[in-house]
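# Coordinate inspection notes
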Amino acid sequence: MRLVTSRVVVLLVAWVGRSDAFGVVEPWRLVGRAISTTELFAEGSTITMPALSSTMKEGRVVSWLKSEGDAIEAGEAIMVVESDKADMDVEAFEDGFLAKIIVDEGGMAPVGEAVALIAETEADIPAVIAKFSGGGAAPAPAAPASSSNAGAPAASAQAPDCPFSQIDMPALSSTMKEGKVVSWLKSEGDAISAGEAIMVVESDKADMDVEAFEDGYLAAIITQEGESGAVGAPVALIAENEADIPKLQAYAATLSGGAPVAAAATAATPAMPAAAPKTPAAAAAAIASAKGAANGERVVASPLARKRAEELGLDLSTVAGTGPGGRVTAFDVEAAASGAAPAKKPAAAAGAAPAKSAWTPAPGVIAATPTARELAKKAKIDLSKIQGTGQFGRVTADDVRMATGEKKPERKSAAAPGQASVELPDGPVPMTGMQRAVSNNMVATLSTPEFRVSRDIIMDGFDALYQKLKPSGVTVSALLAKAVALAIEKHPIINSGFSEDAGGTILYKKDINIAMAVAIDGGLITPTLMYANERSVVELAENWKELVGKAKSGSLSPAEYNSGTFTISNMGMFGVTHFGAILPKGQGGILAVAATQEVIVPDSQAILGMKKVKKMSVTLTCDHRQIYGADAALFLKTLADIMENKLDLLK
């Protein structure tokens with residue numbers, strides 16, 4: 001298994017050579033580990049094809065995320081490379097400018113071959129290109145040494161006969177000679193997946209996460225947290241099979257110079273899962289595991305043990321482990337569940353202090369990711385003033401962005417226990433064409449001097465008429481359009497518009513076309529009932545049904561939605577009791593229709609002197625340049641008279 005990180009990818013290639021003309025001089029390599037880095041020269045550097053796996057011989061450039069001439073920053077992804085196993089982003093480790101792309105998208109290149117040139121400054125780009133073109137070939141891989149591979153076991157150590165791989169200390173920069181393991185993000189025995197961060201390494205320049213490139217189990221940790229190791233030296237062993245972990249732990253002890261880990265001798269009878277007798281070494285390991293759990297540390301258990309414990313509802317911290325290093329095995333879980341094995345005492349008493357993380361930075365050291373340090377440096381922010389939210393309290397790039405205001409803080413869900421949190425939309429969303437049109441039309445009327453007049457209309461007779469005509473397909477919308485059109489006949493000024501021509505002109509319109517606002521998915525549109533005063537209410541109802549269908553399907557013709565001379569906005573079906581509408585562009589009036597409500601009114605003929613009636617509130621918005629308050633009031637009076645007393649006109 002070979003390990004990379006998103007930031008280390010660009011470093012895991014082949015060999016580095018220094019030259020004043022982009023040629024190789026004194027090539028060096030890490031023992032057995034093929035690595036590569038951005039090769040720094042006086043005026044520029046090369047980016048070589050990275051080795052993304054131990055079997056990779058060549059790679060294909062899937063895409064360039066930057067173009068020639070673009071500025072690049074440390075930690076910024078600049079290309080995507082496809083190996084024999086996966087696609088991975090390659091990030092820049094230092095700032096500069098992408099001077100020239102040597103291998104275009106889709107092109108192949110052997111591991112270690114130059115794929116791009118980087119200039120320190122924008123002004124150096126022509127010189128860097130010229131020097132590379134005329135000064136020799138790009139750095140080429142040196143012949144592999146015939147001595148030994150990276151992290152090869154010592155001559156005196158016999159490698160176990162099982163499939164495994166070795167994690168070596170990665171080279172995080174061209175000047176790095178050794179690295180320190182800041183923290184292990186996985187414990188011995190844990191299953192690991194490709195792309196999962198398993199440790200944090202500190203180099204001479206930055207801290208970086210190291211990710212697994214293949215699946216397996218972290219069998220043995222050779223270099224512990226806080227310890228340093230030379231570049232290329234083994235730091236851990238990865239087992240392909242969980243059953244091989246004890247062998248590899250014993251082998252790891254020979255690599256690190258320590259004594260082999262004592263494996264627990266277990267015996268199980270087919271009849272019942274009785275507790276197995278322990279050797280003294282295994283018993284000591286189980287006691288150490290119990291103490292670790294009592295101190296709030298992570299319980300070391302196999303994946304199968306965790307799965308069985310979850311199925312059985314068993315707390316792993318109460319199970320005594322008999323595996324290597326006190327590791328809890330599936331057998332331990334089964335035994336504890338059946339009562340055949342003693343369980344641990346509770347890990348911590350109530351009220352005990354919360355467990356501390358497995359790693360804390362040295363005094364005076366601020367734990368932060370490399371990108372966070374770069375961002376803080378550019379923003380001139382003191383990292384010690386930022387609360388880290390990363391693993392082990394490390395300051396992340398997002399923490400810095402939130403400190404500068406570039407990113408909004410992530411608010412924790414306040415949903416009650418057992419209730420799912422509601423995800424609401426956030427951030428800018430482009431408007432649709434219809435939404436932009438509505439917005440522009442609303443803005444266009446802001447300069448119009450308008451006023452509003454409201455009136456209540458008794459709806460008992462109107463509702464009775466609607467119930468009578470409803471079987472014929474007549475709708476409330478059709479009845480309202482007919483009533484408004486008949487009222488406009490008596491007050492044509494309400495149907496007029498205003499023109500700036502000749503210093504001010506009233507535009508009368510002989511046709512009464514009633515537009516009615518309809519809310520549809522993604523916007524608002526106003527289908528129009530043409531010549532509403534001249535047509536029967538049944539015909540208007542049929543036409544309205546057709547128009548609404550077209551509006552919802554988006555098939556209205558322009559003449560069917562932009563030819564209105566007066567508009568009705570009806571929100572009564574939503575229970576709205578009163579509202580005012582914005583005047584459409586080019587029209588003199590719009591009527592806002594609210595919901596019908598039952599109210600008590602005085603009645604001298606009633607036994608108690610009161611009666612219950614249905615009332616509806618309507619509000620007329622008018623252009624005050626040609627329509628006056630008296631005009632609006634008289635129009636509403638006529639409309640109320642038609643809807644209350646002259647219902648025969650609507651049939």
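These notes cover the structure that comes with them. (Residues numbered from 1 in each chain as written. Predicted model: local features only at pLDDT ≥ 70, side-chain atom pairs only at ≥ 80, totals over all residues. Heavy atoms only, no water.)

## Brief notes about the sheet that holds strand β27 (residues 589-602)
Quick note on the threshold: One requirement defines pairing of two strands: DSSP has to find at least two bridges between them. Under the DSSP-based scheme used, a helix requires at least four consecutive residues in state H or I and a strand at least two consecutive residues in state E, with every element numbered from the N terminus.
Taken in spatial order, the six strands line up as β19-β28-β27-β26-β22-β25 in an open sheet, and their pairing is mixed. Each edge of the open sheet carries a strand with a single partner, namely β19 (450-458) and β25 (528-529). As paired strands, strand β22 (residues 514-516) and strand β26 (residues 566-570) are joined by three bridges and run parallel to one another. Bridge assignment links Ile514 to a residue of β26, and that residue is Phe566.

## What about helix α11 (residues 537-553)?
For clarity, the threshold we go by: One less than the residue count of a helix, multiplied by 1.5 Å, gives the span that helix is expected to have. Contacts are residue-level and defined by heavy atoms, with any inter-residue pair within 4.5 Å sufficient.
An ideal rise of 1.5 Å per residue puts 24 Å on 17 residues; α11 measures up with 24 Å between its terminal C-alpha atoms. Among the structural elements, α9 (460-469), α10 (476-490), β22, β23 (518-520), β24 (523-525) and β25 are those in contact with the buried residues of α11. Once α11 finishes, Gly554 follows within two positions and takes phi at roughly 75°, a positive value.

## Structural notes on the pattern of salt bridges
Pairs can form between side chains of opposite charge once their charged atoms are near each other. In plain terms, the rule: Think of a salt bridge as a Lys or Arg side-chain nitrogen and an Asp or Glu carboxyl oxygen that are within 4 Å of each other.
Applying the stated rule across the entire model yields 14 salt bridges. What you see here is one network of salt bridges that share partners, running through Asp398, Arg401, Glu406 and Lys407.

## Points about unusual backbone geometry
The general pattern is negative phi for most residues beyond glycine and trans for most peptide bonds. For clarity, the cut-off: Per-residue accessibility, obtained with a 1.4 Å probe over protein chains only, is compared with the maximum for each type, and a residue is labelled buried under 20%, exposed over 50%, and partly exposed between these values.
Even without being glycine, Lys380 reaches a positive phi, approximately 55°. Along the chain, the position of Lys380 falls in the loop between α6 (370-379) and α7 (397-404). Owing to a relative accessible area of 78%, Lys380 belongs among the exposed residues under this scheme. The phi angle at Tyr531 is positive, at roughly 50°, despite the residue not being glycine.

## Observations concerning a nonpolar patch on the surface
We apply this condition: Each patch is built from residues that are more than 30% exposed by relative accessible area and take part in no salt bridge. Like charges join if they lie within 9 Å; nonpolar side chains (Val, Leu, Ile, Met, Phe, Trp, Tyr) join within 5 Å. Areas reported here follow the Shrake-Rupley algorithm with a probe of radius 1.4 Å; residue values treat only the protein chains shown as occluding.
Together, Ile600, Ile607, Leu608 and Met610 make up an exposed nonpolar region whose accessible area comes to about 540 Å². Judged by its relative accessible area of 55%, Ile600 is exposed.

## Some points on the pairing of strand β8 (residues 96-101)
Counting buried positions along β8 gives five out of six residues, so the element sits mostly inside the fold. Across two bridges, the pairing between strand β5 (residues 71-72) and β8 is antiparallel. Along β8, the bridge assignment pairs Ile72 with Gly96. Pairing of β8 with strand β10 (residues 114-119) involves four bridges; the strand directions are antiparallel.

## Examining the nonpolar core
Here is the rule: In this text, buried Ala, Val, Leu, Ile, Met, Phe, Trp, Tyr and Cys residues form a nonpolar core when linked through side-chain atoms within 4.5 Å.
Grouped together as the largest cluster of nonpolar side chains are 54 residues, with contacts concentrated most on Ile514 and Phe566. By residue number, the principal contributor to this core is α10, which donates ten residues. In contact with Ile514, not counting residues within four places along its chain, are Ala481, Val484, Ala485, Ile488, Pro527, Thr528, Leu529, Ala532, Phe566 and Ile568. Ranked by size, the runner-up nonpolar core spans 19 residues in total, among them Met79, Leu98, Val111 and Ile118.

## Regarding α10
The end-to-end C-alpha distance of α10 is 22 Å, a good match for the 21 Å that 15 residues give at a rise of 1.5 Å each. All buried positions along α10 are accounted for by Ser477, Ala478, Leu479, Leu480, Ala481, Lys482, Ala483, Val484, Ala485, Leu486, Ala487 and Ile488.

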